[in-house]
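Overview (structure and organization)
Each chain, letter by letter, is given below.
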2 protein chains.
Amino acid sequence: MKFIEKLDTAARQNKSKLCVGLDIDLAKLPKKFLDLEDPIFSFNRRLIEKTSDLVCAYKPNIAFYEALGIYGLQSLIKTIEFINEESQVPVILDAKRGDVGHTAQAYAKAAFEIFKADAVTVNPYLGHDSLEPFLNYREKGVFVLCLTSNAGFRDFQTSIYLSVARHVKEWNHFGNCGLVVGATSAEELKDIQKIVGDMPILIPGVGAQGGDLQHSVQNGGKRAIINASRSVIYSPDPRAEAEKLRSEIYRFS
Amino acid sequence: MKFIEKLDTAARQNKSKLCVGLDIDLAKLPKKFLDLEDPIFSFNRRLIEKTSDLVCAYKPNIAFYEALGIYGLQSLIKTIEFINEESQVPVILDAKRGDVGHTAQAYAKAAFEIFKADAVTVNPYLGHDSLEPFLNYREKGVFVLCLTSNAGFRDFQTSIYLSVARHVKEWNHFGNCGLVVGATSAEELKDIQKIVGDMPILIPGVGAQGGDLQHSVQNGGKRAIINASRSVIYSPDPRAEAEKLRSEIYRFS
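Reading the values: rules and limits
- Residues numbered from 1 in each chain as written.
- Chains lettered and ligands numbered in written order.
- Predicted model: local features only at pLDDT ≥ 70, side-chain atom pairs only at ≥ 80, totals over all residues.
- Core = buried A, V, L, I, M, F, W, Y, C linked by C-beta atoms within 7 Å.
- Buried ≥ 20, exposed ≤ 12 C-beta atoms within 10 Å, placed from the backbone.
- Contact = placed C-beta atoms within 7 Å.
- Axes fitted to C-alpha atoms, helices over the stretch in contact; angles between N-to-C directions.
- Helix = DSSP H or I, 4+ residues; strand = E, 2+ residues; numbered from the N terminus.
- Parallel < 35°, antiparallel > 145°, perpendicular 65-115°, else oblique.
- Left-handed = near helix turned anticlockwise from the far one by under 90°.
- Nonpolar A, V, L, I, M, F, W, Y, C, P; charged D, E, K, R; others polar.
- Least-squares fit on C-alpha atoms with pLDDT ≥ 70 in both.
- Pairing = 2+ DSSP bridges.
- Arc of directions from axis to C-beta.

This part covers the nonpolar core. With 180 residues, the main nonpolar core has V144 and L179 of chain A together with V144 and L179 of chain B as its most contacted residues. Beyond its immediate sequence surroundings of up to four residues, L179 of chain A is in contact with F143, V144, C146, A165, V168, I192, V196, M199 and I201 of chain A.

Take a look at the structure:
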């Protein structure tokens, strides 16, 4: 199934615009998992079992798995396999890749064929030919960074983020593009959404980063995807936390 | 040893500004390697044995290893280990990473502690706080993308590349910054080099991508690092090809 159909289906079935970020930190894992054979996969499996009827997507950030070496990346592969087998929820691999043509081709292959994600995040700095190999996987989703949720977005993004949105709108020949816009820029989100219409907009930065949930939901358009990571996954009761967030989002929709 | 000292030492000892890019493509590997137990590592080892007295750095691009899955990443780790054990040549991991603070921290850990590179390439789109975790590894080198060698650089980079150069100059508190500027922009390289002075500038895009070798060398400053990948590594005689390039660079210096 195409990523966008999978996203719409999960959002409709689970009545949810919530995406849970699977950002693993061994130091934060409850002790009981550390004694298991594969602590990371075991932790993720429990999370997925507890939340897969409450979310529209999962978003593992590959950095946290890579930082644990080969073993971490194996756990990532197992985690995505588990999501694909046990649920209908799409997986957005947060990788923020960006490189010249034939190298981008290798990254796209890794994201979609090795890690078997349904969508991936990419960095626009290198321009259209760096995104094309991703876009050519027509069934897959490609979320282009537009305006990020960290303080450093001011260094270079402010002068080009609207141009990024306009370009991505133009490059969306196969209907598989999305954008990433931080919840910390909920006002700018409104202008961006006007440019791209119903394109999925992945919105990280609520919760731990202090973004504005209400305006993110209201300004993010029909396919706003609200991401929360640490506030859900390290909660003593991730299911309750996910349910709470899903309801808040629903109330603002 | 600090990356920059390792770079200067290798450049002086080997009388070389040539960096060889270890961009592996199974389809291009000579047949004799495919029968070996670890074709990628075996191919790289032969290359390194044949060229380690001719280069100032090696630059594996992680994308090509990631595209081969766990096995490819294991070969990358073995390759860097081999370079570190058998030569004095520094390794620049071409990864073009860029993410928000705590995620960037994970990427920096992966690059320097898992893959054990001496330096890494990063993407400036997310600004200073996304680069800080890399820069805090004071012994390591951090090459920030400025102006890339692909056609797509025109989409977003032209309005900000000089600002990137100025910011990186300012962020260089520990003397461990570098820039990446494509050989296809040899004229712009002159302006960039004036801003950053003796900072190392990694210059890809000669060879297969058709960049201008002479002007790249002349405009790249004292620490220009000229990268060639496919034209050297898939040559029937990589040593002869590397020697030829090293001499050409020397003639233009």
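That covers the picture; the talk isn't over yet.
Here we take up the packing of helix 3 (residues 39–51) of chain A against helix 5 (residues 70–86) of chain A. Residue and element names in this part refer to chain A. Here helix 3 crosses helix 5 at 25°, and the two axes come no closer than 9 Å. It follows that helix 3 is roughly parallel to helix 5 by the angle criterion. In the packing of helix 3 onto helix 5, the handedness of the crossing is right-handed. On the side of helix 3, the interface is formed by I40, F41, N44, R45 and I48, while helix 5 contributes G72, S75, K78, T79, F82, I83 and E86. Looking at side-chain class alone, the contact of helix 3 with helix 5 contains five nonpolar, four polar and three charged residues.

The next subject is the interface of chain A and chain B. Across the boundary between the two partners, chain A contributes 44 residues, which contact 44 residues of chain B. Those elements that place two or more of their residues in the side of chain A that touches chain B are helix 4 (62–66), helix 5, helix 6 (101–114), helix 7 (128–135), helix 8 (153–156) and helix 9 (161–170) of chain A. At seven residues, the largest contribution of residues to the side of chain A that touches chain B is made by helix 6 of chain A. Classifying every residue of the side of chain A that touches chain B gives 19 nonpolar, 18 polar and seven charged.

So, about the relation of the copies chain A and chain B. When chain A is brought onto chain B, the operation consists of a screw motion whose angular component is 180° and whose axial shift is 0.0 Å, with 0.0 Å RMSD remaining. Within this description, the copies of the chain are treated as partners about a two-fold rotation axis. Interface overlap between copies: 100% of the residues of chain A at the interface are likewise at the interface in chain B, consistent with a symmetric, same-surface contact.

Residues and elements named next belong to chain A. Spatially, the eight strands line up as an open sheet ordered 2-1-8-7-6-5-4-3, and their pairing is parallel. On the outer flanks of this sheet lie strand 2 (57–60) and strand 3 (92–97), each paired with one strand and no other. Across the sheet, the mean angle from the axis of one strand to that of its neighbour is 30°, orientation sign disregarded. Lying on the sheet, helix 9 is in contact with strand 5 (141–147) and strand 6 (177–181); it crosses strand 5 at an angle near 160°. The strands that helix 13 (residues 238–252) touches are strand 1 (18–22) and strand 8 (224–228); relative to strand 1, the one it contacts most, it runs at about 145°.

Before going further, it helps to spend a moment on the sheet that holds strand 4 (residues 119–122) of chain B. Residue and element names in this part refer to chain B. Spatially, the eight strands line up as an open sheet ordered 2-1-8-7-6-5-4-3, and their pairing is parallel. Since the sheet does not close on itself, it has two edges, and those belong to strand 2 (57–60) and strand 3 (92–97), each with one partner. Taking each pair of neighbouring strands and ignoring which way they run, the sheet shows an average axis angle of 30°.

In this section: helix 10 (residues 186–196) of chain B. Residues and elements named next belong to chain B. For helix 10, the set of buried residues is A186, E188, L189, I192, Q193 and V196. Taken around the axis of helix 10, the buried residues stretch over an arc of 140°, which confines them to a single face. Turned more than 90 degrees off the buried face of helix 10, the exposed positions are E187 and K194. Structurally, helix 10 contributes buried residues whose contacts are with strand 5 (141–147), helix 9 (161–170), strand 6 (177–181), strand 7 (201–203) and helix 11 (213–219).

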